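Residues per chain, in single letters:
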Amino acid sequence: MKVAVEPMTENLLNGKNVSSDMTPQTGTQVPAGKAKKTGRIVTERLRAVLIHFVIGYHIINIGSLYEAQDGLSNNGWNVTSMLFGSSNWPMQIFVLIAGYAAYFNVRSRGGWGFVKERLARLFVPLIFGVFVWDLLVIWLYFLVYETDYGGTFVGYFTKLYTMVYKCWGGDEASCLPYFFTLNLWFIFELFSFSLLCLPLFLVWQRRSPPTLTVSQANWIVGVSCFVVLPILTYGLDVFWWYLPSVGTVSQGNNVLLYLIFFQCGYVLAWSQPLFEAVPRLRWYALALTVVGGYVVGSATYRLDLASFFNYLLDFSYWWEVQSLEIFRIAAMVTVWAFSSSLANVPSLLGKYLDFIAYRVIAIYILNFGMRLAVLLLCEATIYSLYEFDTFLYFLVEFVLVLGSTILVFDVIFNHKYIHGLVGMWRL
C-alpha cells in the first residue's frame, strides 16, 4: 500500500518554489541538464563549501603547522583548527544535510530502494577505502610520523597487524586515528545511521507534520537550537568521554551527536514551517557564533588545543566547554540559514562549486591520503616556505591537496566501471 504524503513546497529563502523531492514539478517541461531545483543546488553547493573546511582542517592538524604551533605562546593555528575543524561543526552540517536528503530519498525510493542506494553510495566505497585505499594511506602515515616498519613490504603489514592487535587489546598508543578507518569514519557512520534510522523514517513518513504558525515555528527552532541542543550535546559529550577509552581513541568524534543531527536534518525536511524558521533566526545565530567563537578561541589559546577536549571531564572549566557546544550549534544554524545565497552566486563561482559538488564524496574519501602525500612532497622541496610565511605554506598545501585529489579522481577513478569505488555510483 502506498503511503500518501502531504505535498510540500519549499520557498527556499529567496522566494522560489521547488518540489519537495528536489525534482522538476509535474507538468513543467524542463530542458535536459537543467532539472535541478533551488533546494538541491543549495545543498550540493553547501557540501562543496564544507569540503574546503575539511581539507583545511587536515592540513593544519596533520604535520608541520600543528606540530610547530602547539606552544601556548604561538598557537594561532590551534585556535583556527578548533574554530573551523576540531569543533566538528562542518562535519555535523554534512550529517544534517544527509538527514535532510534522506527524507526525500526514502519518500521517492521507498525503504528497499533507499537501502540499495546507500549500499552503492556508501558501503562500496567504505569497503574499498578501508581494505584497499587505506593500506596506501597508512603507509604514508607511517612515513610522515616516522614509524619504523623495517622498510619492506612484509615489514609494513607485520607492523600494521601488530598495531591493530594491540589497539583492540586496549593499547591506545598503537591506535591510528579513528579506529583504522582514518577519515572514512564519516562514511561508516552515515551508512550505519541510514540503516538504523530507516524503520523510524518509514513510520515517520506516515505522519503529517503539525500545522504551526510563524511564531510557534520560530520558538520551537530557537529554543531547540540555542537552549536544548547545546545542553543536550554537552551532556552527551561528557557521557561519551566517560566511556572507557572511547572518547580519547575516537578523538572527540561523538557518534551520538552525529546521530542526533542526522535526525534533525530529517525533521527540517519533514516540517516546512520549521525549515522556514531557520533563516529567520540567522542574525541571532550569527551573534552567538561570534561571541561563542571568541570564548572558545580564547579558551583554546589558554588551555591548548591538544588537551582541550579532556576538559570535558574537568567541571571547573564547564563554562568554556559549554561555550564550545553553543558555538558549534550556532555555527551550524548560521551556515545553514545563510546558505540560500549559494543559489545566486556569480556564474564563475557557481560553476566552480558545481564542479566540486559533483566530486565531493570522492574528494572526501581520497583527500586524507593526498594530504599525507603532499606533506611529504612539501617537506622534501619547499619546506623553507614555512619558515618564511606560515599562511603561504598553508595556502600552497591547500591548493596542492585539493588539486591533486581532483586529479587522482579524474584520471584514475572517474570511469564508468570503477567510479563507484569512491562513492560515485548514482542509482
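Fair warning: this is a prediction, and the values are worked out from it, not measured in the lab.

> Tell me what's going on with the environment of Cys197, and back it up with residues and numbers.
Within the secondary structure, Cys197 is located in helix 6 (residues 185-204). Residue class for Cys197 comes out buried when judged on its relative accessible area of 2%. In the structure, Cys197 is positioned 95 residues away from Ala102 in sequence and 9.9 Å away in space, judged by C-alpha atoms.

> So what's going on with helix 1 (residues 38-61)? Residues and values would help.
Here helix 1 is 24 residues long and its end C-alpha atoms lie 35 Å apart, about the 34 Å a rise of 1.5 Å per residue gives. Among the 24 residues that make up helix 1, 18 are buried, leaving the element largely enclosed by the rest of the structure.

> Please give an account of the pattern of salt bridges that cites residues and values.
Going through the model one piece at a time under the given rule, you end up with 8 salt bridges. With a shortest N-O distance of 3.0 Å, Glu44 and Arg40 are connected by a salt bridge. Of this pair, Glu44 and Arg40 both sit in helix 1, 4 residues apart, which is roughly one turn of that helix. The exposure class of Glu44 is buried, given its relative accessible area of 15%. Taking relative accessible area as the criterion, Arg40 reaches 31% and is therefore assigned partly exposed. With a closest N to O distance of 3.9 Å, Glu117 and Arg121 form a salt bridge. Separated by 4 residues within a single helix, Glu117 and Arg121 lie in helix 4 (residues 89-144), roughly one turn from each other. Here Glu117 and Arg121 have matching classes, each one buried. Each of Glu117, Arg118 and Arg121 takes part in a single network of salt bridges with overlapping partners.

> Go over unusual backbone geometry, please, and point to the residues and values.
Despite not being glycine, Glu146 shows a phi value in the positive range, around 50 degrees. By the element assignment, Glu146 lies in the loop between helix 4 and helix 5 (153-168). On the basis of relative accessibility, which here comes to 73%, the residue Glu146 falls in the exposed class.

> Lay out the confidence of the model for the chain in plain terms, naming residues and giving numbers.
When the pLDDT values of the chain are averaged, the result is 81; 81% of them are 70 or greater. Ignoring residues within four places in sequence, the model shows residues 1-35, a span with pLDDT below 50, making 61 contacts including any to other chains. Low pLDDT (under 50) marks residues 68-74, which in the prediction has 16 contacts with non-local residues, meaning those over four places away or in another chain.

Reading guide: rules and limits
Residues numbered from 1 in each chain as written. Predicted model: local features only at pLDDT ≥ 70, side-chain atom pairs only at ≥ 80, totals over all residues. Heavy atoms only, no water. Helix = DSSP H or I, 4+ residues; strand = E, 2+ residues; numbered from the N terminus. Buried < 20%, exposed > 50% of the residue type's maximum accessible area, 1.4 Å probe, protein only. Expected span 1.5 Å × (residues − 1). Salt bridge = Lys/Arg side-chain N within 4 Å of Asp/Glu carboxyl O. pLDDT = per-residue confidence, 0-100. Contact = heavy atoms within 4.5 Å.

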